[in-house]
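Working through the structure, step by step
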Number of protein chains: 2
Amino acid sequence: MANKAYSGYINPKYIPKADLVAAYYLEPAKGVSFEEAAQAVASESSIGTWTNLSALSPKLKRELHARVFKINKKSKTALIAYPTALFERGNIPQLLSSIAGNVFGMKEVNNLRLLDINFPNRYIRSFKGPKFGIEGIRKIVKVKKRPLLGTIVKPKLGLNEKQHAKVAFQAWLGGCDIVKDDENLTSMRFNNFEKRVKETLRLRDKAEQITGERKVYMPNVTAPFSEMMKRAKYVKRQGSEYAMVDILSAGWSSLQDLRNADLGLILHAHRAGHAAFTRSSRHGISMLMIAKLCRLIGMDQLHVGAIVGKMHGGKKEVKAIGEEIEDRIIYKGKNHILSENWLNIKPMFAVCSGGLHPGKIPPLVKAMGNDIIIQLGGGIHGHPLGTRHGAIAARQALEATLKGIPLNYAAMKQFELALALRKWK
Amino acid sequence: MANKAYSGYINPKYIPKADLVAAYYLEPAKGVSFEEAAQAVASESSIGTWTNLSALSPKLKRELHARVFKINKKSKTALIAYPTALFERGNIPQLLSSIAGNVFGMKEVNNLRLLDINFPNRYIRSFKGPKFGIEGIRKIVKVKKRPLLGTIVKPKLGLNEKQHAKVAFQAWLGGCDIVKDDENLTSMRFNNFEKRVKETLRLRDKAEQITGERKVYMPNVTAPFSEMMKRAKYVKRQGSEYAMVDILSAGWSSLQDLRNADLGLILHAHRAGHAAFTRSSRHGISMLMIAKLCRLIGMDQLHVGAIVGKMHGGKKEVKAIGEEIEDRIIYKGKNHILSENWLNIKPMFAVCSGGLHPGKIPPLVKAMGNDIIIQLGGGIHGHPLGTRHGAIAARQALEATLKGIPLNYAAMKQFELALALRKWK
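Residues numbered from 1 in each chain as written. Chains lettered and ligands numbered in written order. Predicted model: local features only at pLDDT ≥ 70, side-chain atom pairs only at ≥ 80, totals over all residues. Heavy atoms only, no water.

Considerations on the packing of aromatic side chains
We count it as follows: Pairs were defined over the aromatic rings of Phe, Tyr and Trp, the Trp ring being its six-membered one, requiring ring centres within 6.5 Å. Orientation was assigned from the angle between planes: stacked under 30 degrees, edge-to-face over 60, tilted for the rest. Burial classes follow relative accessibility: with a 1.4 Å probe on protein chains only, a residue under 20% of its type's maximum area counts as buried, one over 50% as exposed, and anything between as partly exposed. For a ring to carry a charge above it, either NZ of a lysine or CZ of an arginine must fall within 6 Å of the ring centroid while also lying within 35 degrees of the normal to the ring plane.
Across all of its chains, the model carries 11 aromatic pairs over all chains by this definition. Ring centres 5.2 Å apart and planes at 55° place the aromatic pair Y123 of chain B and F127 of chain B in the tilted group. One exposure class covers both Y123 of chain B and F127 of chain B, and it is buried. Three or more aromatic residues joined by ring pairs make a cluster, and in this case those are Y82, F87, F119, Y123, F127 and W342 of chain A. In this arrangement the basic side chain of R231 of chain B is found over the ring face of F193 of chain B, its NZ or CZ atom lying 5.5 Å from the centre.

Here is the structure:
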């Protein structure tokens, strides 16, 4: 099955300079060697096809072809270097159509996974990165060091505008900094977007007056582009600092423009649907890759997993993503196949969410540090005494964690926390 | 591991009426029954979460919750009915965040695949569907019955604007109806979008004069939304009838607006990247599902696979997709889990592409019928005598196929076809 059209794409002596480098996990098809399969991927994702072409001059091939420069058959990984001329600056869809496009369907591979990427400096400079980032968000929310505490209004669908706002209000009163819509709540027959935003922000202002703390609301603007922009602008006009968007359901083309429009909104990235292609360890695209794209185009915060929650996603993976979006320099080694120098691109907040409750806050903070947003949905609204007490319990758990006090000990004087710990073991 | 919060979502007696129905393949996690896992999916994709909520009233749950109404443990499939109130009309990202969102990452399932969907009439009516469809395209291209013949300019990247236009010109002269950009060619340092479009359309006009046939060009407008729209409008102004877009790299939010803008352009949907989540038969989203979404929002033609080509994708799957996008009524049975009544939504052209050459045209037409667009890239440009002769050979193969003449027989009098058959066996 060796295909000659795929030859000449391997060069173990090549040292990437200004190239974009991609790391793939690869399982060749039956009868195909690892080298052949890796070259088929390098060819299809750069300038080649399945048969030799008369119009492909040797000069052109030399200048623009990708190079498989490192192979590790034990870990089944291949590193491929791409000349940057293959990529249009500032255009993520074009990048994905190249290195995460046809290659996943090729008959030469049984499985293929895009694991990691290293962007060259020139490519990075064609993107804006986050407008606010961790520092900008902390300034707005007026929380200097601790993790931010958030909730998702639950039930995720079914409440009307007023009920929604009331649940948010109770969460803020109890101690949440942030309240957000759930990923499938947009503008519904029973809950109109504009009415919901207006009513929820009204109660946010009230919650700020009562608590003396800064409170924020993240309305979900996910929709076809023009409607999404209309909603984002409405949110801004109504005095919210935030918008949230389901990044993968919406897609990179509209996402980039939402950022590039510079509306002055902090952008919260929900990753609903990612596990359709990130979950298998042998095929698809890694969540790390998605996280890097989010930082590059300029989302301010991103769901990265909860380690201890209801969703798939282990500690090593979530920690690696956390580093990737929060550090200025990424060193290859234990958690990272490829390094990265993020230059002036700001760090994003990692959001830990999905099946969390107060009892899970200590191990989460221990694993991820203080620069995270901890979101509890059911873990607040499912509290035996309801949302407000649930939020109180979560805040108690967070404060105890920061002081190094075991939750069982703290719960002896805090009945809200005690009730939460009793319900969720 | 049974979770009580996920109970009450199963009802074998339920008969869907105006519901949206989704069919999932499902493998429960260890210690979880099939029924429990199916209910977890139904809950998370509608109104529930992992723990019981005080704010979720029995009335609300009754009105809005999804129902697992059919289970087949042998085929590991579950049918789930969703009240339409759960979905915002005309908003595909919202639909995906619901039924193809968090569910793929849940710990209750080891694998989960969204196989098929049935849209209720009211939901369908909130979308425009294709503006042109098969009939509209045939009218413009002036080809009444036969499959359309197309090519992708190759090498996919590396040619400058003039070289690109010349390759297209040769393909048209040889007999192609359609020439398109490749999926990773947008606006490059070595090949500027506007210059390429202008020059290629100039030679298209010339090819029309010489051949007396209608010829079309599909420039790739994939980019961040505003740039994409700018390019699409430029294409229209320059006198092209077509634009192509990488639907999955760009994403549904911008795709819907590209269609809704009604620019008067036929929209060609390239599916680069789909196999990251469609390839496994046990996880992700089926290509059939993606095809249905494309028809619903109004792409005019879509890559569906080539059956006999370089990409993964078997005959049964590709035929089922072809039926789904071209028939008015889809009957459940051999190829389809769920039925569909497409109402006034026009049929789309199925595009067969990826590793085809002249020798593969007869089995392809036999399997797919006449309402397809056959695209040969390498299978034209890789011809021993170059692009023009490659296009002649492809057209010869197509004409012979339509007349029922075996290619070997036709090749006795047609040396272009003979050379192609000799190179690609």
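Looking at the interface of chain A and chain B
Put simply, the test is: The contact rule is simple, with two residues in contact once any of their heavy atoms fall within 4.5 Å. Here's the idea: put two parts together, see how much 1.4 Å probe accessible area each one loses, and the total over both is what we call buried area. Whenever a carboxyl oxygen of Asp or Glu lies within 4 Å of a side-chain nitrogen of Lys or Arg, that contact is scored as a salt bridge. Identification of polar contacts relies on pairs of N or O atoms within 3.5 Å, with a donor-acceptor requirement for protein atoms, meaning one able to donate a hydrogen and the other able to accept it, and with residues adjacent in sequence counted only if both atoms are side-chain atoms.
Facing the 92 residues of chain A at the interface are 91 residues of chain B. Carbon and sulfur atoms make up 54% of the area that chain A and chain B hide from each other, which totals about 7000 Å². A per-residue breakdown of the area chain A buries against chain B is headed by W50, R279 and K310 of chain A, which together make up 10% of the total. Summed over the shared surface of chain A and chain B, the number is four salt bridges. Summed over the shared surface of chain A and chain B, the number is 42 residue pairs in polar contact (both at pLDDT 80 or more).

Focus: a positive patch on the surface
Note the cut-off: Within this analysis, patches are made of residues with over 30% relative accessible area and no salt bridge. Like charges are joined at 9 Å or less; nonpolar side chains (Val, Leu, Ile, Met, Phe, Trp, Tyr) at 5 Å or less. Each accessible area is a Shrake-Rupley estimate made with a 1.4 Å probe; only the visible protein chains count as cover when residues are assessed. By the counting scheme adopted, Arg and Lys are positive, Glu and Asp are negative, and His together with the chain ends is not counted. Charged side chains are reduced to one point each, which is NZ for Lys, CZ for Arg, CG for Asp and CD for Glu. Secondary structure elements follow DSSP: runs of H or I of four or more residues count as helices, runs of E of two or more count as strands, with numbering from the N terminus.
A contiguous patch of positive charge on the surface is contributed by K315, K316, K319, K334 and K366 of chain A. Sorting elements by how many residues they give to the positive patch places helix α13 (residues 315–326) of chain A first, with three residues.

Side note on the domain arrangement of chain A
All names here are of chain A. Cut-off, in case you're wondering: Domain start and stop points were drawn from an automatic or database domain assignment. Following the grouping adopted for this structure description, the nonpolar residues are Ala, Val, Leu, Ile, Met, Phe, Trp, Tyr, Cys and Pro, the charged ones are Asp, Glu, Lys and Arg, and the polar ones are all others, Gly among them.
Assigned domains within chain A: domain 1 (4–124) and domain 2 (133–423). Listed as interface residues are 27 residues of domain 1 and, on the opposing side, 28 residues of domain 2. Here domain 1 meets domain 2 over a buried area of about 2400 Å², counting both sides, of which 62% is carbon and sulfur. Of all residues in domain 1, R113, D116 and I124 bury the most surface against domain 2, accounting for 28% of the area lost on that side. Scanning the region where domain 1 abuts domain 2 turns up one salt bridge. Put simply, R282 and E27 hold a salt bridge, and the shortest N to O gap is 2.7 Å. For the side of domain 1 that touches domain 2, the secondary-structure elements that each account for two or more residues are β1 (20–28), α3 (92–99), β4 (109–118) and α4 (121–124). The greatest single-element share of the side of domain 1 that touches domain 2, amounting to eight residues, is contributed by β4. Residues belonging to the side of domain 1 that touches domain 2 are distributed by class as follows: 19 nonpolar, five polar and three charged.

So, the confidence of the model for chain A
This is how it is decided: As a per-residue measure, pLDDT reflects the predictor's confidence and takes values from 0 up to 100.
In this model, chain A carries an average pLDDT of 95, and 99% of its residues clear a pLDDT of 70 or more. This complex was scored by the predictor with a pTM of 0.96 and an ipTM of 0.96.

Some remarks on the sheet that holds strand β14 (residues 349–353) of chain B
Residues and elements named next belong to chain B. Applicable threshold: For two strands to be treated as a pair, DSSP must find no fewer than two bridges joining them. Only the contacting stretch of a helix is used when fitting its axis, a line to C-alpha atoms as for every element, and angles between N-to-C directions run 0 to 180 degrees.
The eight strands lie next to each other as β7-β6-β5-β15-β14-β11-β9-β8, forming an open sheet whose pairing is parallel. At either margin of the open sheet sits one strand with a lone partner, and together these are β7 (216–218) and β8 (242–246). Neighbouring strand axes in the sheet, compared pairwise and without regard to direction, differ in orientation by 25° on average. Note that strand β9 (residues 266–270) and strand β11 (residues 301–303) share two bridges and pair parallel. Along β11, the bridge assignment pairs A269 with L302.

Here we look at a nonpolar patch on the surface
Together, I405, Y409 and M412 of chain A make up a nonpolar patch on the protein surface, roughly 350 Å² of accessible area in all. Within the element layout of this structure, I405 of chain A appears in the loop between α16 (387–403) and α17 (407–410).

Brief notes about the pattern of salt bridges
Here the structure, examined in full by the defined rule, presents 48 salt bridges over all chains. The partner of E340 of chain A in a salt bridge is K292 of chain A, and the shortest N-O contact between them spans 2.7 Å. Here E340 of chain A is found in strand β13 (residues 340–341), whereas its partner K292 of chain A is found in helix α12 (residues 287–297), with 48 residues between them in sequence. Residue classification places E340 of chain A among the buried positions, given a relative accessible area of 3%. K292 of chain A sits in the buried class, given a relative accessible area of 0%. R259 of chain B is the partner of D262 of chain B in a salt bridge, and the nearest nitrogen-oxygen pair spans 2.7 Å. The exposure class of D262 of chain B is partly exposed, given its relative accessible area of 34%. Among the residues examined, R259 of chain B registers a relative accessible area of 7% and is labelled buried. Counted as one network, the salt bridges with shared partners bring together R204, D205, E208, R214 and E241 of chain A.

A few points about the relation of the copies chain A and chain B
What counts, and what does not: Our superposition of the copies is a least-squares fit, built on the C-alpha atoms of residues whose pLDDT is at least 70 in both.
Mapping chain A onto chain B is achieved by rotating through 180° and translating by 0.0 Å along the same axis, at an RMSD of 0.0 Å. Between the two chains, the operation in question is that of a two-fold axis. The position closest to the rotation axis in chain A is occupied by the C-alpha of G251 of chain A, lying 1.8 Å away. Interface overlap between copies: 99% of the residues of chain A at the interface are likewise at the interface in chain B, consistent with a symmetric, same-surface contact.

Observations concerning unusual backbone geometry
Residues and elements named next belong to chain A. With an omega of -5°, the peptide bond between K154 and P155 qualifies as cis. Summarising the element assignment, P155 is placed in the loop between β5 (148–152) and α6 (161–174). For I307, which is not glycine, the phi dihedral falls at a positive 60°. With respect to the helices and strands, I307 occurs in the loop between β11 (301–303) and α13. A relative accessible area of 17% places I307 in the buried class.

Some thoughts on the packing of helix α7 (residues 193–211) of chain A against helix α8 (residues 225–237) of chain A
All names here are of chain A. Quick reminder of the rule: Here roughly perpendicular refers to angles of 65 to 115 degrees, roughly parallel to angles under 35, roughly antiparallel to angles over 145, and oblique to all remaining angles. In this scheme the handedness of a crossing depends on how the near helix is turned from the far one: anticlockwise by less than a right angle means left-handed, clockwise means right-handed.
Running from N to C, α7 and α8 cross one another at 20°; their axes reach a closest spacing of 10 Å. One element, α7, and the other, α8, form an angle in the roughly parallel class. The element α7 and its partner α8 pack so that their crossing is right-handed. Residues F193, E194, V197 and K198 of α7 lie in contact with α8, whose contacting residues are K230, R231, Y234 and V235. Its residues assigned to classes, the contact of α7 with α8 shows four nonpolar, no polar and four charged.

Describing the pairing of β4 of chain A
Residue and element names in this part refer to chain A. Along β4, nine of the 10 residues are buried, which leaves the element largely enclosed by surrounding structure. Alignment of β1 against β4, held across eight bridges, turns out to be antiparallel. Looking at β4, one finds that P28 is bridged to V109. Pairing of β4 with strand β10 (residues 284–285) involves two bridges; the strand directions are parallel. Paired with L114 across the strands is I285, a residue of β10.

Description of the sheet that holds strand β15 (residues 372–375) of chain A
All names here are of chain A. Sheet architecture is open: eight strands sit in the order β7-β6-β5-β15-β14-β11-β9-β8, paired in parallel fashion. At either margin of the open sheet sits one strand with a lone partner, and together these are β7 (216–218) and β8 (242–246). For this sheet, the mean inter-axis angle between neighbouring strands, taken without regard to orientation, is 25°. Alignment of strand β14 (residues 349–353) against β15, held across four bridges, turns out to be parallel. Residue pairing for β15: S353 is matched across the bridge by Q375.

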